[in-house]
Amino acid sequence: MSGLRITDMEDAIGNTPMVRLSRVGGVGERVSAEIVGKLEYMNPGASIKDRVAKHILAQLDSKGVPRDALLIVAGPGNLAISLAMLQRRIMCLVPERTSADRVRLLKAAGVSDIVRTLDGALPGSPEHPVEIGRRIATHRPGAVYVDEELGDWDLEQCYAELAAEILEQTDGQIDALVLGVDTGNAATHLSRALRAQRPSLQVVGVEPSNSAIGEQNIANPLARRWLCEDIGRAYAPRALGAGSIDMWIQVSDNIAYSMARRLIQGGIFAGPSAGASVAAARMYAMSASLQPGQRIVVIIGDTARNYGDTLLSDDWMLAHDLLDSRMLDDLQRKQLGQYRAASIEDLQLPAAVTVSELDSMGAAISLMAENDFSQVPVTGPGRRLVGYLTLSAAQTLLDNGAATRGMPVKQFMLRFAGRATRTPGAGGAHAVHSTSARKQYWLITPETPLSELARFFETHSVAFVTDASRKFCLGITTKQDLITFLARRNTLQF
């Protein structure tokens, strides 16, 4: 711990860990060589672009560009995130395929102007980010257009530092480098720096299926779209140096996303481009017949946390057919097979005990304490379910003087909103304090499948079971009831 000191953000960039990947499920199977990953997503801004941003800003400072100058940044989004992290004013140009999570992060970081650009636009066309960025810059006095693809920035030292880390961490024992290619800067400068020490090093460039970088300077306007972000182009970028790549491997979206999921399961929280690179490392190791004692280093470029709506969403992965057969079987068994068409009725829940909204807080607290309840349903006129009260909230309100034991429950209960149309996979109810804006109510009945209830518990802690008209509360259930049910069936999977 003696080496750790309080530092500025830019000084925290770099010195990322390198870890063995061969033990991650599906990575080391039938591969003799050791596969290790350089975890660039563990930079403060969660991507390798932190290094690039640091060096670009140093060059801007040396040119006397004011720190408050507007930077018009083109790219998938990680470079803009890194520049925003380093407190620069940003306008961002991102492709249509850029994830919504990344865009939300940019907005939260203060990037108010975000322009979506066409996927696969060719150089020189009006739709290409370079042309759009330059047009915008002409109308913004003092603005600076920032685009790695043009090769306008001296990034030799940036990647020399990364190469030095790799050589130190591997004791110079590296036989192959595998990395995804987008702008070409990393492939060009990193391969050059590493080969200066390891002339026999093989460099494998990774791109999505349908990308055209490996075609070497042949623009392909017919290149089809792909989903994997941060790698691939419809043409070879200008910054990619000749001879930088010894072998090109194209990886399908299905393989890239499935491998990214396997990495996550193995504790490597990396994005789809890393999944593509690790899968390519396996392909290379088998095709080149690497032997025990040889080592492949894979650049793990960014974090899975940028892909909450895509990579981390089971529904999205299923809709886009991105799970391999083993993962698909596991997911289907988890979502459906383990419950085998059971419904809430099969949980054999005890009848619900309720309080009236006119009952006192003291009476409600006593009822919950006597029955060891953590919450109790609240009914209104005609014993219709209108909300619920939690024991912890009630006790806190009494302790801080916001409520007294004699005050009615209706002043402090969490009140349900109005009924809504049921949607697939939905079930249960949201509730909010009666003085707050109301959230949507979702219906749960004894006929609700347990598979839907399990999905409900992914975001909620308790569900109130009612009749179809939502008039009467029939029971209360939590995730613990599902766990108990599965244990009874001897298929505990959660």
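What this report covers is the structure whose coordinates are included nearby. Just so it is clear, the structure is predicted and the values come from calculations on it, not from any experiment.

The rules behind each value
- Residues numbered from 1 in each chain as written.
- Predicted model: local features only at pLDDT ≥ 70, side-chain atom pairs only at ≥ 80, totals over all residues.
- Heavy atoms only, no water.
- Helix = DSSP H or I, 4+ residues; strand = E, 2+ residues; numbered from the N terminus.
- Buried < 20%, exposed > 50% of the residue type's maximum accessible area, 1.4 Å probe, protein only.
- Areas by Shrake-Rupley, 256 points an atom, 1.4 Å probe, with all protein chains shown as cover.
- Expected span 1.5 Å × (residues − 1).
- Contact = heavy atoms within 4.5 Å.
- Disulfide = S-S within 2.5 Å.
- Core = buried A, V, L, I, M, F, W, Y, C linked by side-chain atoms within 4.5 Å.
- Salt bridge = Lys/Arg side-chain N within 4 Å of Asp/Glu carboxyl O.
- Pairing = 2+ DSSP bridges.
- Axes fitted to C-alpha atoms, helices over the stretch in contact; angles between N-to-C directions.
- Polar contact = N/O pair within 3.5 Å; in protein donor to acceptor, adjacent residues only side chain to side chain.
- Phe/Tyr/Trp six-rings, centres within 6.5 Å; stacked < 30°, edge-to-face > 60°.

Once that is clear, we can look at the overall build of the protein. The helix and strand tally for the protein stands at 14 helices and 17 strands. In terms of overall dimensions, the protein has a C-alpha envelope of 80 × 55 × 55 Å along the principal axes. Counting only residues that meet the buried cut, the protein has 53% of its 494 residues in that class. Accessible surface, the protein: about 22,600 Å² in total, of which carbon and sulfur atoms supply 51%.

Turning next to helix α5 (residues 156-169). In an α-helix there are 3.6 residues to a turn, and that puts residues three or four apart on one side. Its 14 residues give α5 an end-to-end C-alpha distance of 20 Å, which sits within 8% of 20 Å, the value for a rise of 1.5 Å per residue. For α5, the full list of buried residues reads Cys158, Tyr159, Leu162, Ala163, Glu165, Ile166 and Leu167. Taken together, the buried residues of α5 touch β1 (18-20), β2 (34-39), α1 (49-62), α6 (185-195) and β10 (295-300).

We now examine the state of the cysteines. Following the criterion strictly, the structure yields 0 disulfides and no others. The structure places no disulfide on Cys158, whose sulfur is separated from the nearest cysteine sulfur, that of Cys92, by 19 Å. Given a relative accessible area of 0%, Cys158 falls into the buried group.

Here the focus is the nonpolar core. Leu71, Ile90, Tyr159, Leu177, Leu190 and Leu194 are the most contacted members of the largest nonpolar core, which totals 49 residues. Beyond its immediate sequence surroundings of up to four residues, Ile90 is in contact with Leu70, Leu71, Val73, Ala80, Leu83, Ala84 and Val111.

The next point concerns the pattern of salt bridges. Applying the stated criterion across every chain yields a total of 24 salt bridges. With a shortest N-O distance of 2.6 Å, Asp309 and Arg104 are connected by a salt bridge. Separated by 205 residues along the polypeptide, Asp309 in the loop between β10 and α9 (314-319) and Arg104 in helix α3 (residues 100-108) bring together distant segments of the chain. Look at Asp309 and you get partly exposed, because its relative accessible area is 38%. Here Arg104 falls in the partly exposed class, since its relative accessible area comes to 43%. Note that Arg233 is salt-bridged to Asp182, the shortest N-O span being 2.7 Å.

What follows is about the sheet that holds strand β5 (residues 113-117). The strands making up a sheet are joined through hydrogen bonds of the backbone, oriented either antiparallel or parallel. Ordered in space as β5-β4-β3-β6, the 4 strands form an open sheet in which the pairing is parallel. At either margin of the open sheet sits one strand with a lone partner, and together these are β5 and β6 (144-146). Recorded for the sheet is a direction-independent mean angle of 20° between the axes of neighbouring strands. Looking at chain direction, strand β3 (residues 70-74) and β6 are connected through 3 bridges and run parallel. Bridge pairing in β6 places Leu71 opposite Val144. Most of the contacts of α3 go to β5, to which it runs at about 155°, and overall it touches β4 (89-95) and β5. Where helix α4 (residues 129-138) meets the sheet, its contacts fall on β3, β4, β5 and β6, and the angle it forms with β4 comes to roughly 150°.

What follows is about the side chain of Thr477. As for its position among the elements, Thr477 is in strand β17 (residues 473-478). Separated by 3.0 Å, the side chains of Thr477 and Asp481 make a polar contact. When sequence neighbours within four positions are dropped, the list of residues in contact with Thr477 reads Leu347, Leu349, Leu453, Phe457, Val462, Ala463 and Val465.

Time to look at the packing of aromatic side chains. Throughout the structure, instances matching the rule amount to 3 aromatic pairs. Measuring from centroid to centroid gives 5.5 Å for Tyr257 and Trp316, while their planes differ by 45°, and the two rings are tilted. Taken together, the positions of Tyr257 in helix α7 (residues 253-265) and Trp316 in helix α9 put the pair 59 residues apart, joining distant regions of the chain.

Turning our attention to the sheet that holds β2. The sheet built from 6 strands is open, its strands ordered β1-β2-β10-β7-β8-β9 with mixed pairing. The open sheet has two edge strands with one neighbour each: β1 and β9 (247-251). In this sheet, adjacent strand axes meet at a mean angle of 25° when their direction is disregarded. In terms of strand pairing, β2 meets β10 through 6 bridges, oriented parallel. The residue of β10 that forms the bridge with Leu39 is Ile300. Seen against the sheet, α6 touches β7 (176-180), β8 (202-208) and β10 and runs at an angle of roughly 165° to β7. The strands that helix α8 (residues 272-287) touches are β2, β7, β8, β9 and β10; relative to β10, the one it contacts most, it runs at about 165°.

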